[in-house]
Amino acid sequence: MVTNLPAEARAKWAKYSDAKTPEEKLRALQEFLSAVPKHKGTENLVYWIKRRMAELREEIEERKSRRIGGGGPSFFIEKEGAAQVVMLGMSLSGKSTLLSRLSNAKPLIGETPFTTKFPVQGMVRYEDIQFQLIEVPAVVKGFSSGSVWWASRVLGIARNADALMLVIDLSNNPIDQLDTIISELTESGIYPYQPRGYVIIERSKAYQGIRIINYGKLVNCTADDVRKLLESYRIFHAVVKVYGEATMDDVEESIFENNTYKPTMIVGNKCDLVDNEVISEFIKHASKYPTIPAIIASAKYGIGLDEIPKHIFRLTGIIRVYAKEPNARSPSPKPLILRKGATVSEAIRHLREELLKYFKYARIWGPSAKYPGERVGLDHELMDGDIIEVHTKIKAI
Ligand SMILES: Nc1nc2c(ncn2[C@@H]2O[C@H](COP(=O)(O)OP(=O)(O)OP(=O)(O)O)[C@@H](O)[C@H]2O)c(=O)[nH]1
Ligand SMILES: [Mg+2]
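Described in the following lines is the structure provided in the data block. (Residues numbered from 1 in each chain as written. Chains lettered and ligands numbered in written order. Predicted model: local features only at pLDDT ≥ 70, side-chain atom pairs only at ≥ 80, totals over all residues. Heavy atoms only, no water.)

Observations concerning the coordination of the magnesium ion (ligand 2)
Protein ligation of the magnesium ion (ligand 2) involves Ser96 (OG), Thr116 (OG1) and Glu135 (OE), the donor distances falling in the range 2.1 Å. In primary-sequence terms, the residues that donate to the magnesium ion (ligand 2) follow S-x19-T-x18-E. Placement of Ser96 in helix H4 (residues 95-102) and of Glu135 in strand S3 (residues 129-135) is noted, with a sequence separation of 39 residues between them. Residue Ser96 shares its accessibility class with Glu135, and that shared class is buried. (Donors = N, O, S within 2.8 Å, 3.2 Å for Na, K, Ca; no water. Helix = DSSP H or I, 4+ residues; strand = E, 2+ residues; numbered from the N terminus. Buried < 20%, exposed > 50% of the residue type's maximum accessible area, 1.4 Å probe, protein only.)

Okay, structure coming up:
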């Protein structure tokens, strides 16, 4: 990007970052835009600001109409279940059919394009947990530049999801469909695969100064350059996490909250309509995106669908941990939902935060325990299927 913004613009950006309501954000962004010089280096930024402003205007409108009109169809969907997965695909690719097969939802299935005009959600069961699966109105070419009125709303939902499912009609130029959807997403700053390098900035007054954590490494810049850049945007308290090989551009992109990575899977649907050659060509092409798993299915005839919930589970990186009271014979049947890498202390935070104060040790049964009932501390890393028993310094709190 390399924007070289003047100090005035950087200060205006700080105002936007501090804004709370969509109205305040819109006003601050308008001011920021007028302070941004227009040249080649700021083209992307200006484009992004305008898109964000359009989204904010829609959000404001939507809130108003919900207040006035009550419960009509809406693009706002509350998260439910262990994770939210959004289905993206061209019209007629079979999203509604797939949703009705995998979940309790009863969406309208049509032979004419653009049958689904508003998001529809359903719950998908996987063993003892449920995922929320959302069908959104179809993706079309030019989505990332707002070619249709629902584009920015759909992209907003995708940006907010835990994972994405790209639904492709194998009987209709599947390779083209896949490449189009992926390029519309990446153009919008939503990466369905891990980008070469990216940076996440977590801002909080609770942090002392700017701390840089290198999971990957900075390229062509130093930690000090990053600190200076952040300070010029009046960011003084933050943790900066660097993944892969990240440049100063990646740091700047992340200041503008531009890019995000979503774990993604592909469903090649309508396999009943094509021969093996089409399928193997599609699979070969999909493997160009190495971190995106692809499965072949027919929603209409129920082929390949059993695999999908397991794939969703893997994508989201969820682990299930079962809490057990000391002396109880069996753990709670309802798992705590945590993410890969979660430790005992995170499990306790989900269970009952105040137990942390009185924590003495925990006992673990299951995949992460060296032996059944292993005694561990707060930093012990948990795994899917573990049982945890928390022991405190004072009894019965
Ligand atoms: N042969 C075959 N037809 C399918 C399959 N899945 C869906 N269809 C048909 O494809 C058409 C479109 O299906 P929908 O599920 O409504 O497609 P959609 O992606 O939700 O479409 P929009 O809501 O318009 O974006 C319908 O006629 C379905 O019966 C499949 O696996 N095989
Ligand atoms: Mg549909």
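Once you've had a look at it, read on.
Quick word on the environment of Lys334
Here Lys334 lies in the loop between strand S13 (318-323) and strand S14 (336-339). Residue classification places Lys334 among the exposed residues on the basis of a relative accessible area of 68%. Separated by 50 residues in the primary sequence, Lys334 and Asp384 have C-alpha atoms spaced 13 Å apart.

Overview of the nonpolar core
Within the largest apolar cluster, 36 residues are counted, with the highest numbers of intra-cluster contacts made by Trp13, Phe32, Ile49, Leu230 and Val240. If you list the elements that add at least two residues to this core, you get helix H1 (7-18), helix H2 (22-35), helix H3 (43-69), strand S6 (197-203), strand S7 (210-214), helix H7 (223-232), strand S9 (238-246) and helix H8 (248-255). The leading source of residues in this core is H3, at seven residues. The contacts of Ile49, once residues within four sequence positions are left out, are Leu29, Phe32, Leu33 and Val36. Listed in part, the 35 residues of the second largest apolar core include Phe75, Ala158, Ile279 and Phe282. (Core = buried A, V, L, I, M, F, W, Y, C linked by side-chain atoms within 4.5 Å. Contact = heavy atoms within 4.5 Å.)

Remarks on the pattern of salt bridges
Counted by the stated rule, this structure contains 20 salt bridges. Note that Asp128 and Arg320 form a salt bridge whose closest N and O atoms lie 2.9 Å from each other. Linking Asp128 in the loop between strand S2 (120-126) and S3 with Arg320 in strand S13, this pair joins segments that are 192 residues apart in sequence. Judged by relative accessible area, which is 6%, Arg320 ranks as buried. The salt bridge partner of Arg352 is Glu354, with a shortest N-O separation of 3.4 Å. Note on Glu354: relative accessible area 39%, which makes it partly exposed. Here the residues in one salt-bridge network are Glu127, Asp128, Arg320 and Asp384, joined through shared partners. (Salt bridge = Lys/Arg side-chain N within 4 Å of Asp/Glu carboxyl O.)

Some points on H2
Its 14 residues give H2 an end-to-end C-alpha distance of 20 Å, which sits within 8% of 20 Å, the value for a rise of 1.5 Å per residue. Buried within H2 are the following residues: Pro22, Leu26, Ala28, Leu29, Phe32, Leu33 and Ala35. (Expected span 1.5 Å × (residues − 1).)

Details of the site of ligand 1
What surrounds ligand 1 is a group of 24 residues, the closest being Ser91, Lys95, Thr97, Thr116 and Asp272. Within the contact set of ligand 1, an oxygen atom lies 3.0 Å away from a backbone nitrogen or oxygen of Leu92. In this structure, an oxygen atom belonging to ligand 1 sits 3.2 Å away from a side-chain N or O atom of Asn269. About the coverage of ligand 1: the protein hides 92% of its 660 Å² of free accessible area. (Near = heavy atom within 4 Å. Polar contact = N/O pair within 3.5 Å; in protein donor to acceptor, adjacent residues only side chain to side chain. Areas by Shrake-Rupley, 256 points an atom, 1.4 Å probe, with all protein chains shown as cover.)

Things to note about the pairing of strand S11 (residues 264-269)
Within S11, six of the six residues are buried, which leaves it mostly tucked inside the rest of the structure. Side chains of S11 alternate between two faces, with Thr264, Ile266 and Gly268 and Met265, Val267 and Asn269 buried alike. Both strand S4 (residues 163-169) and S11 contribute to a ladder of six bridges, which runs parallel. Looking at S11, one finds that Leu166 is bridged to Ile266. Relative to strand S12 (residues 294-296), S11 runs parallel, the two being bridged by three bridges. Paired with Gly268 across the bridge in S12 is Ile296. (Pairing = 2+ DSSP bridges.)

Describing the packing of aromatic side chains
Scanning all chains against the criterion turns up 17 aromatic pairs. Relative to Tyr243, the ring of Tyr198 lies with its centre 4.8 Å away and its plane at 15°, an arrangement referred to as stacked. With Tyr198 in strand S6 and Tyr243 in strand S9, the pair connects residues that are 45 residues apart, well separated along the chain. For Tyr198, a relative accessible area of 16% translates into the label buried. A relative accessible area of 23% means that Tyr243 is categorised as partly exposed. Over the ring of Tyr361 we find Arg375; its NZ or CZ atom is 3.7 Å from the centre of that ring. (Phe/Tyr/Trp six-rings, centres within 6.5 Å; stacked < 30°, edge-to-face > 60°. Lys NZ or Arg CZ within 6 Å of the ring centre and 35° of its normal.)

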